[in-house]
Amino acid sequence: MGSELQFEKDLITYLQHLGGQKQWEYLPQIKTTNQLWANFKHILEANNQNRLTEPLSVDEFAQIKAEISRLNTPYAAGQFLYGFNGISQVEVNLDNGEHTFLTVFDQAEVGAGNTTYQIVNQIKRPNVLPGKENRRFDTTLLINGLPIIQIEEKATAHEAQEALNQMHQYILEGQYSDIFSTVQILVGMTPNSIRYMANTTGDTFNTAFAFNWQREKDNSTIRDWREFSNQFLSIPMAHNMATSYMILDGTHNKQSIKVMRPYQVYATRRIIEALRTHDFKYGKQEVGYIWHTTGSGKTISSFKAAWLASRLPNVDKVVFMVDRIALTNQTAANYAAYDPDADDSNKGGVVSDTQNVGDLNRKLKNKNGIIVTSIQKMDWLVRRKSFKAPDKNIVFIVDEAHRSTAGEMMQRIKEAFKHSAWIGYTSTPSFEGITTRQLFGDVLHTYTIREAIADGNVLGFKVDFNTTIPLDSLRTEYLPRFYAKQYPQWTQQDIQNKIDHLSPADMDDLVNPSVYDMNPTHVQLVVKDVLNKWRNRSDDYRYSGLFTTHVGGGKASIPMAVMYYREFKKQNAALERPLQIAISFSQDNSNGDNMITTNTALSEAMKDYSAMFGNHFDDTNATEYAEDVVARLNRTINDDRYLDLVIVVDQLLTGFDAPTLNTLYVDRTLHGAGLIQAYSRTNRIQDMVHKPYGRIVNYRWPEQSEKLMNEALAVYANRDSANENLPLVIDDTGVIAPSFDTLITEAQKCVAELRTLSFNITDLPKSEAGRDQMYEDLKTYNRLISQLKQDDQYDYRDPDKLLKQIGLTGDEETLLTTSLAHDLKRRIAQHREIEYSDLTLEMQHVRDIQVNYDYLEELVARLANEVHEGCTKAAEGTFKEVNKMADQLEDEHYALQVKRTASGLLDGSAQAEHYPVESKDARGIITAHNNTSKAHEIGEFMKRWGLLEITPEVITTLIDRHVPGQDDLDEDGSIRKIQKIAQTHYRDYASDEQVAQLAKVRYRNQLREALTNFANYIKKNY
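Criteria and thresholds
- Residues numbered from 1 in each chain as written.
- Predicted model: local features only at pLDDT ≥ 70, side-chain atom pairs only at ≥ 80, totals over all residues.
- Heavy atoms only, no water.
- Helix = DSSP H or I, 4+ residues; strand = E, 2+ residues; numbered from the N terminus.
- Rg over C-alpha atoms; globule rule 2.2 N^0.38 Å.
- Buried < 20%, exposed > 50% of the residue type's maximum accessible area, 1.4 Å probe, protein only.
- Contact = heavy atoms within 4.5 Å.
- Areas by Shrake-Rupley, 256 points an atom, 1.4 Å probe, with all protein chains shown as cover.
- Lys, Arg positive; Asp, Glu negative; His and termini not counted.
- Charge placed at Lys NZ, Arg CZ, Asp CG, Glu CD.
- Expected span 1.5 Å × (residues − 1).
- Core = buried A, V, L, I, M, F, W, Y, C linked by side-chain atoms within 4.5 Å.
- Phe/Tyr/Trp six-rings, centres within 6.5 Å; stacked < 30°, edge-to-face > 60°.
- Lys NZ or Arg CZ within 6 Å of the ring centre and 35° of its normal.

## Examining the overall build of the protein
Then comes step 1: Helix and strand counts for the protein stand at 38 helices and 23 strands.
Then comes step 2: A globule of 1022 residues ought to have a C-alpha radius of gyration of about 31 Å, and the protein, at 32 Å, matches this closely.
Then comes step 3: For the C-alpha atoms alone, the extent of the protein along its principal axes is close to 105 × 80 × 60 Å.
Then comes step 4: Relative to its full complement of 1022 residues, the protein shows a buried share of 55%.
Then comes step 5: Here the contacts in the protein between residues at least 6 apart in sequence split such that 72% fall between residues at least 24 apart.
Then comes step 6: Surface summary for the protein: the accessible area is close to 44800 Å², and the carbon and sulfur share equals 47%.
Then comes step 7: Across the protein, 112 positive and 137 negative side-chain charges occur, with their mean positions spaced 3 Å apart.

## As for helix 8 (residues 262-276)
Then comes step 1: Compared with an ideal rise of 1.5 Å per residue, which puts 15 residues at 21 Å, helix 8 spans 21 Å between its outermost C-alpha atoms and is within 8% of the ideal.
Then comes step 2: Of all the residues in helix 8, the buried ones are Pro262, Tyr263, Gln264, Val265, Tyr266, Ala267, Thr268, Ile271, Ile272 and Leu275.

## What about the nonpolar core?
Then comes step 1: Core analysis: the biggest nonpolar cluster contains 111 residues, and Phe40, Ile64, Ile185, Met189, Trp213 and Met241 have the highest contact counts within it.
Then comes step 2: When residues of this core are assigned to their parent elements, the largest contribution, 7 residues, is made by helix 9 (residues 298-310).
Then comes step 3: The contact partners of Met241, leaving out residues within four places of it in the chain, are Ile185, Tyr196, Trp213, Phe232, Met246, Val259, Met260 and Val265.
Then comes step 4: Formed by 93 residues, the second largest nonpolar core is a distinct cluster that contains Leu381, Ala561, Phe568 and Tyr625.

## Things to note about the packing of aromatic side chains
Then comes step 1: Taken as a whole and assessed by the stated rule, the structure comprises 47 aromatic pairs.
Then comes step 2: Centroid distance Tyr483 to Trp490: 5.5 Å. Interplanar angle 20 degrees. Geometry classified as stacked.
Then comes step 3: Among the aromatic side chains, those forming a connected cluster through ring pairs are Tyr196, Phe211, Trp213, Phe228, Phe232 and Tyr266.
Then comes step 4: It is Lys414 that lies over the ring of Trp422; its NZ or CZ is 5.8 Å from the centre.
Then comes step 5: Lying over the aromatic face of Phe613, Arg632 brings its terminal NZ or CZ to 4.2 Å of the ring centre.

Structure below.
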């Protein structure tokens, strides 16, 4: 711990003089929350001397404290700090009868003006939840006296994630409350590892969204704490990160704050720098483009660029254009949700969409703001003979700028808006034909798929190349017929000689598309493969898939998609566990030859879908059907009934974002940008253990498909491609997952290391260094087992085969992944002085762990009898066995109850109603003891808060109906009733002296917050 404190001291010293200049002011005398409030009060008064004639009184400042303490989520805090137009104010009724507004925070005053930057450390935080420890926060950065950035340091042997997990624990304990409600950014720091993330609620905390900082020149990761401090924690950067580079995401039911990643910051900064000096009258229209790979957060980046650009003095209007009308509503909804000036319904802000061309024309003439529209709609407008562009400096930001089809439309729009500046965002720039560079200018910032995978911001790919026409079949059947037809003059020997000298890739090239297209045998075999391997590829039904097919030769592809749909229906019906399967394609209103067939098939699919989900779709609401399919595939639907697989031709292969989709099945040819776009539907981060990569399964031309993939990666994984005309360098390192055999070899090495450390899988290492190494090895083991189980070669029916391959018996695996893993976490948590829950180690099992509940209850009964009879040694042995079996339970709640009861039996706090105890009595003992423990905790909470005039049943009922993480306790006014009753005598009844001394308004607010946190705690632990 001493080295941790020294590291903290070094950090504070360093932050005071970053870059050789005075920066953050250290306040060593501030160690309590009350002292923080007093410091904030002093700064607030100093910054509002024009509105205050004397210091704020106790009652006046209490109003301000109450307003800040009511900020119950980071999103609410972000709204408060933004205020109106970037100025945060508090409303105060002064004692003299005047009503005034005091400025708390001005986002525009960065590094100057009335902004004060301070550091405090080791702030004492009394517990909020009963039974929890008092806390000390390591280092807090204050802006204008309010905590904005929270830093937890760990010594060299630790991980930055431990520090973030520790802050997660603080969130769950309600510690980011009162003045700490305003914290926006969390930083976990060791001397050589730093990760930062936006503050969040306990139920949405996810360290997958904790980022490393990077160097601007090459996106390389910064690991040294001094370099990180120079770049991230310096002034004005730290202030900008907490304001200009934060996103207030007001998405309904998912409100949160988001902090931008380094490459997003760099790209946005370069755009704003370029626009700030842009000559709209005489300058070149093309400002440049941003190349950021799919899944890297271009929507957030482009919104922030649009938002900051709209506030530049030389910019009158910003137009964000998408390349498809269908994407306009989605993008407009995202932008409106991010608009800090919008209301709770995401309306009334500066972002607006366009209902039609006339609406677009009117809004272009309005003052300032951001318009979201489609390039098609803008093209229709400028082609009107009556159109005259407004005399404004307009910035056009174009999404998916790689689509060369926009070339002619863009040229017309550029010609119409003479005083405009153009910026493109693309994940796959065009380097051939009409290039992205020609349309937008030079690349401003690059972040390739290889870099995003290395950073852990998107996943790599596991790609399989299958075919229903094996090489032997090509040699002996297909190619002899092909050459005999092409060259009738050739002899059989000529043909055989030709075939013998063909490479697999050459043979692949010779296969005519018609061999695959509309081939019933091919379709049957593909469907069989998809269904037979579904459990592997979906990680035991955890994830969904997308299936795309296409017919060559300019023929319609929908008939083959329908053929697949019907074959899936047929084979799926015979499964023990059928999948939920749908197909999505557009209605045909062309009056062409395929119209009736297409629309009949769509009607069939909608009828099946309606029966599957109990709704009604037909020809009159086909658009709503397509939207419902998307919502069930990406799992944004509210009824929790999802699709497993959706069949498409071209839909959803670009712009579709679904973290719970992990597999793309491909029965077509993909290449270049289209391949990268389609593959990237699968590589969104969701759970790095269960979803280690995006899965791609190809069913045509394996050699050719692999060649096309490598060529695409050579371009789009190479940042130098932006220079154009470079030779292709094929290197899939870090992008494509290793083979099954490679994973087996890695797993064998990992198991051998674990075997050595654990005394042949029997006990934990004796040294702390050994236990730390075992912890790291178990994380590696989890990653490898997850990948192996998702490989086609793994057989769920024979798990022992994989165990044998990696060098474990079934009993050894059970011991390693349950008892030893649990004991290891406990020992490491104790040594590192952190919470057990701070260590994230969800073990993967090759064999399903089957717990015999009857035997477990028999053990509990035996333990009760042994304690009652005074058989101490036997009881201790049984106690260990109970805990060992409880560790194997998937139901963590019941496991906790069993272990709590076992401890209670051993220490005498749990008793049976009669002895001897039989196994059938065990569950009753467990239930009774947990009810008693729960009642005791509720009673202690009520004593602390002086709720003696409230019956325990009222609090119990309140908690029982609570949904963890939801603000639902006061839906029927229950909390208000409790507050009203309790506020009369809490000073007399509260056992906690600090509670008894609270002012009445503060007591009401803190009681409400404490009840919410306590309800979450009880639900988690009981």
